[in-house]
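In case you want the letters, here they are:
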Number of protein chains: 2
Amino acid sequence: MLNIVGLGLSLKDISVKGIEAINKSGEVYIESYTSLSDYTIQELEEFLKTKIKVLHRSEVEEEKPFFQKDKEITLLIYGDPLSATTHTEILQEAKKKNIQTKIIQSVSIFTAIARTGLQLYKFGKTASIPFWTENHKPESFFDLLEQNQSIRAHTLFLLDLNPKENKFLSIKEALEVVQEIAEKRNFKLGKAIGCSRLGLESEVIKYDSIKNLQKQDFGKAPYCLIFPGKLNFSEEEFIANY
Amino acid sequence: MLNIVGLGLSLKDISVKGIEAINKSGEVYIESYTSLSDYTIQELEEFLKTKIKVLHRSEVEEEKPFFQKDKEITLLIYGDPLSATTHTEILQEAKKKNIQTKIIQSVSIFTAIARTGLQLYKFGKTASIPFWTENHKPESFFDLLEQNQSIRAHTLFLLDLNPKENKFLSIKEALEVVQEIAEKRNFKLGKAIGCSRLGLESEVIKYDSIKNLQKQDFGKAPYCLIFPGKLNFSEEEFIANY
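Residues numbered from 1 in each chain as written. Chains lettered and ligands numbered in written order. Predicted model: local features only at pLDDT ≥ 70, side-chain atom pairs only at ≥ 80, totals over all residues. Heavy atoms only, no water.

## With respect to the nonpolar core
Nonpolar side chains tend toward joint burial in soluble globular proteins.
Next up, step 1: In terms of nonpolar packing, the biggest core is built from 75 residues, with Leu2 and Phe66 of chain A together with Leu2 and Phe66 of chain B touching the most fellow members.
Next up, step 2: Ranked by size, the runner-up nonpolar core spans 28 residues in total, among them Phe141, Ala174, Phe187 and Ala221 of chain B. (Core = buried A, V, L, I, M, F, W, Y, C linked by side-chain atoms within 4.5 Å. Buried < 20%, exposed > 50% of the residue type's maximum accessible area, 1.4 Å probe, protein only.)

Listed below in structure tokens is the structure:
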């Protein structure tokens, strides 16, 4: 049995079900520590009272030491195990190998966005804003903002990151990219919501004009941006607090 | 301090953070037991090792006994505390009363839908399909399917329920309503995904034509329906299993 257990967004977000799975497991793995959480692997080991083997991305994608028949194994995932697409691939492969899997979900950025006061059922499709380089300036994420706005849905953008190289696209940089495309496409940008470390004690949420958001200090990553669609009264009232 | 703690979808989905909040609380409340979970209040009390006071809807909306200054209180919510709109109202009112709040999130239907193999970032807006009566046949939920399909996003429909009267809109009935509107609007319905008790051990997920879904036995509520937008290869491969 392979338990794929979500750690959620902060140290104690893991569910009781997740703790029980770990306690039954012979081995506990985690995908290479990406320093996006507010705790270290050692702190996690102390909290979970278990030894954790850290896997590099290539081990997760190629060797896959967590595929062991007739042994209870747990693979820990930051956030919710089903929010990232790579993990459905693990599920598919486990099925082919005849290894039973159990998904234990947790808190995800996809529900933490409701902390802003915007309602989950009014969000449209989600995209990531990638790093731009001199020669590579992808715009496809912006199509999605246009699509969502066409049905007046809210848009969540996750900001790109490369923790291994300690590179995180900042809200300021992301907004520069967004503005550049908006000008080119003659798209009128309204106010936006900038968030950092959503779901953590130290989260920052700001609702303001693009210009003012760019001046804000959001502290450490991870970051996301929300472009609201049509706000209702209750949403208006709530986000006015930020 | 008012802790608003999500119970998630099944008994042990509550987070460690949620358990800690309960253990610090003088009183623990829950909104009137709606029998949508697969456990009783007594089982919940035994699991959480605490006495729970059950509140009726009117007590949650009017008397609000959980607003107590200078006392640590926990209000338990099925699912995720921010997925339902009523709870942002509690947050707003607490703020006005100068009572500090802490939201402790949990597993939600908004992330559990990824158990189908569809990717969360490709979902559009969400609606509920209401009961139809002789004199009241609202269609507005269907506008949303049209909107989402216009941007090729997946659509989640939650099916209406009235646990107090033990009434639950079934997948068969909901699909009849959907078909009636689709015919009137000349909207071509493709295959859909019918789900019951998503996130529970006993969940059922079926991907099939409307006609075949209507013949399926989904067992007990809660139910939801998903109309996929554009499926990518990995999604196709995954849902082919159902």
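After presenting the structure, the write-up continues.
## Examining the pairing of strand β10 (residues 192–196) of chain A
Successive residues of a regular strand alternate their side chains across the two faces of the sheet.
Residues and elements named next belong to chain A.
Next up, step 1: Summarising burial for β10: five of the five residues are buried, a large majority.
Next up, step 2: Residues Ala192, Gly194 and Ser196 line one face of β10 and the alternating positions Ile193 and Cys195 line the opposite face, and both faces are buried.
Next up, step 3: Sheet topology places β10 next to strand β11 (residues 204–208); five bridges connect them, and they run antiparallel. The residue of β11 that forms the bridge with isoleucine 193 is tyrosine 207.
Next up, step 4: Of the strand pairs in this sheet, β10 and strand β12 (residues 223–227) are connected by four bridges, and their pairing is antiparallel. Note that in β12 the partner of serine 196 across the bridge is tyrosine 223. (Helix = DSSP H or I, 4+ residues; strand = E, 2+ residues; numbered from the N terminus. Pairing = 2+ DSSP bridges.)

## Digging into the side chain of arginine 197 of chain A
Residue and element names in this part refer to chain A.
Next up, step 1: Of note, arginine 197 is situated in the loop between β10 and β11.
Next up, step 2: It is aspartate 217 that comes nearest to the buried, bridge-free arginine 197 among opposite-charge side chains, at 7.4 Å.
Next up, step 3: Apart from residues no more than four positions distant in its own chain, arginine 197 is found in contact with Ser202, Glu203, Val204, Phe218, Gly219, Lys220, Ala221 and Pro222. (Lys, Arg positive; Asp, Glu negative; His and termini not counted. Salt bridge = Lys/Arg side-chain N within 4 Å of Asp/Glu carboxyl O. Contact = heavy atoms within 4.5 Å.)

## Remarks on empty space enclosed by the protein
Next up, step 1: Across all of its chains, the model carries five cavities of 30 Å³ or more by this definition.
Next up, step 2: In this structure, the largest cavity spans a volume of roughly 170 Å³.
Next up, step 3: In terms of lining, the largest cavity is formed by Phe110, Ile113, Leu120, Phe123, Gly124 and Thr126 of chain A together with Phe110, Ile113, Leu120, Phe123, Gly124 and Thr126 of chain B.
Next up, step 4: For the lining of the largest cavity, the class distribution of residues is eight nonpolar, four polar and no charged.
Next up, step 5: Lining the second largest cavity, in full, are Leu9, Asp13, Val107, Arg115 and Gly199 of chain A together with Lys17, Ile103, Ile104 and Gln105 of chain B. (1 Å grid on protein atoms, 1.4 Å probe; cavity = no way out; pocket = protein on both sides within 12 Å on 5 of 7 lines; lining within 4 Å. Points joined across faces, edges and corners; volume = space filled by probe spheres on them. Nonpolar A, V, L, I, M, F, W, Y, C, P; charged D, E, K, R; others polar.)

## What to know about the packing of aromatic side chains
All names here are of chain A.
Next up, step 1: Across all of its chains, the model carries 14 aromatic pairs over all chains by this definition.
Next up, step 2: Ring geometry for phenylalanine 141 and phenylalanine 157: centres 5.3 Å apart, planes at 85°, overall edge-to-face. Taken together, the residues span a long stretch of sequence, with phenylalanine 141 in helix α6 (residues 140–150) and phenylalanine 157 in strand β7 (residues 154–159) at a distance of 16 residues. As far as burial versus exposure is concerned, phenylalanine 141 and phenylalanine 157 are alike and both buried.
Next up, step 3: Joined through ring pairs, the aromatic side chains of Phe141, Phe142, Phe157, Phe187 and Phe227 make up one cluster.
Next up, step 4: Its guanidinium or amino end placed over the ring of phenylalanine 131, lysine 167 lies 4.9 Å from that ring's centre, counting from NZ or CZ. (Phe/Tyr/Trp six-rings, centres within 6.5 Å; stacked < 30°, edge-to-face > 60°. Lys NZ or Arg CZ within 6 Å of the ring centre and 35° of its normal.)

## Focus: the interface of chain A and chain B
Next up, step 1: Between chain A and chain B, the residue contacts involve 50 residues of the former and 50 residues of the latter.
Next up, step 2: Of the roughly 4,100 Å² buried between chain A and chain B, counting both surfaces, carbon and sulfur atoms make up 56%.
Next up, step 3: Contact with chain B buries area across many residues of chain A, yet Gln105, Tyr121 and Ile151 of chain A alone supply 15% of it, more than any other trio.
Next up, step 4: For the pair chain A and chain B, the interface holds eight salt bridges.
Next up, step 5: Put simply, glutamate 237 of chain B and lysine 96 of chain A hold a salt bridge, and the shortest N to O gap is 3.4 Å.
Next up, step 6: On the surface where chain A and chain B come into contact, there are 26 residue pairs in polar contact (both at pLDDT 80 or more).
Next up, step 7: Going through the elements one at a time, α1 (16–24), α4 (86–96), β5 (101–104), α5 (109–112), β6 (123–129), α6 and α9 (233–239) of chain A are the ones with two or more residues in the side of chain A that touches chain B. (Buried area = accessible area lost by both parts, 1.4 Å probe. Polar contact = N/O pair within 3.5 Å; in protein donor to acceptor, adjacent residues only side chain to side chain.)

## Re the state of the cysteines
Next up, step 1: Applying the stated rule across the entire model yields zero disulfides over all chains.
Next up, step 2: Free of any disulfide, cysteine 195 of chain A has its nearest neighbouring cysteine sulfur in cysteine 224 of chain A, separated by 4.0 Å. (Disulfide = S-S within 2.5 Å.)

## Side note on the domain arrangement of chain A
All names here are of chain A.
Next up, step 1: Each assigned domain of chain A is listed with its residue range as follows: domain 1 (2–107) and domain 2 (110–239).
Next up, step 2: Between the C-alpha centres of domain 1 and domain 2 there is a distance of 28 Å.
Next up, step 3: Contact residues are listed per partner, giving eight residues for domain 1 and 11 residues for domain 2.
Next up, step 4: Summed over both partners, the interface of domain 1 with domain 2 buries about 700 Å², with 70% contributed by carbon and sulfur atoms.
Next up, step 5: Among the residues domain 1 hides against domain 2, the three largest losses belong to Leu9, Leu36 and Ser83. Together they make up 61% of the total.
Next up, step 6: Counting across the domain 1 and domain 2 interface gives zero salt bridges.
Next up, step 7: For the pair domain 1 and domain 2, the interface holds zero residue pairs in polar contact (both at pLDDT 80 or more). (Domains from an automatic or database assignment.)

## Observations regarding the relation of the copies chain A and chain B
Next up, step 1: Placing chain A over chain B gives an RMSD of 0.0 Å and needs a rotation angle of 180°, together with 0.0 Å of translation along the axis. The transformation just described matches what one would write down for a two-fold rotation axis. (Least-squares fit on C-alpha atoms with pLDDT ≥ 70 in both.)

## Regarding the environment of leucine 225 of chain B
Residues and elements named next belong to chain B.
Next up, step 1: In this structure, leucine 225 sits in strand β12 (residues 223–227).
Next up, step 2: Leucine 225 gets classed as buried once you look at its relative accessible area, which sits at 0%.
Next up, step 3: Sequence separation between leucine 225 and alanine 127 is 98 residues, and the spatial gap between their C-alpha atoms is 10 Å.
Next up, step 4: Beyond its immediate chain neighbours, meaning those up to four positions away, leucine 225 contacts Ile129, Thr155, Leu156, Phe157, Leu159, Ile171, Ala174, Leu175, Ile193 and Gly194.

## Re the pattern of salt bridges
Next up, step 1: Counted according to the given criterion, the structure contains 36 salt bridges over all chains.
Next up, step 2: A cluster of three or more residues bridged by salt bridges with shared partners is formed by Glu139, Asp143, Glu146, Lys184 and Arg185 of chain A.

## With respect to the packing of helix α6 (residues 140–150) of chain B against helix α7 (residues 171–185) of chain B
Two numbers describe a pair of packed helices, the interaxial angle and the distance between the axes.
All names here are of chain B.
Next up, step 1: At a closest axis distance of 11 Å, the pairing of α6 and α7 adopts a crossing angle of 65°. Overall, the two elements α6 and α7 adopt an arrangement that is roughly perpendicular. In this structure, the crossing between α6 and α7 has a hand that is right-handed. Here Phe141, Phe142, Asp143 and Glu146 of α6 come into contact with α7, specifically with Val177, Val178, Ile181, Ala182 and Arg185.
Next up, step 2: A class-by-class count of the residues in the contact of α6 with α7 yields six nonpolar, no polar and three charged. (Axes fitted to C-alpha atoms, helices over the stretch in contact; angles between N-to-C directions. Parallel < 35°, antiparallel > 145°, perpendicular 65-115°, else oblique. Left-handed = near helix turned anticlockwise from the far one by under 90°.)

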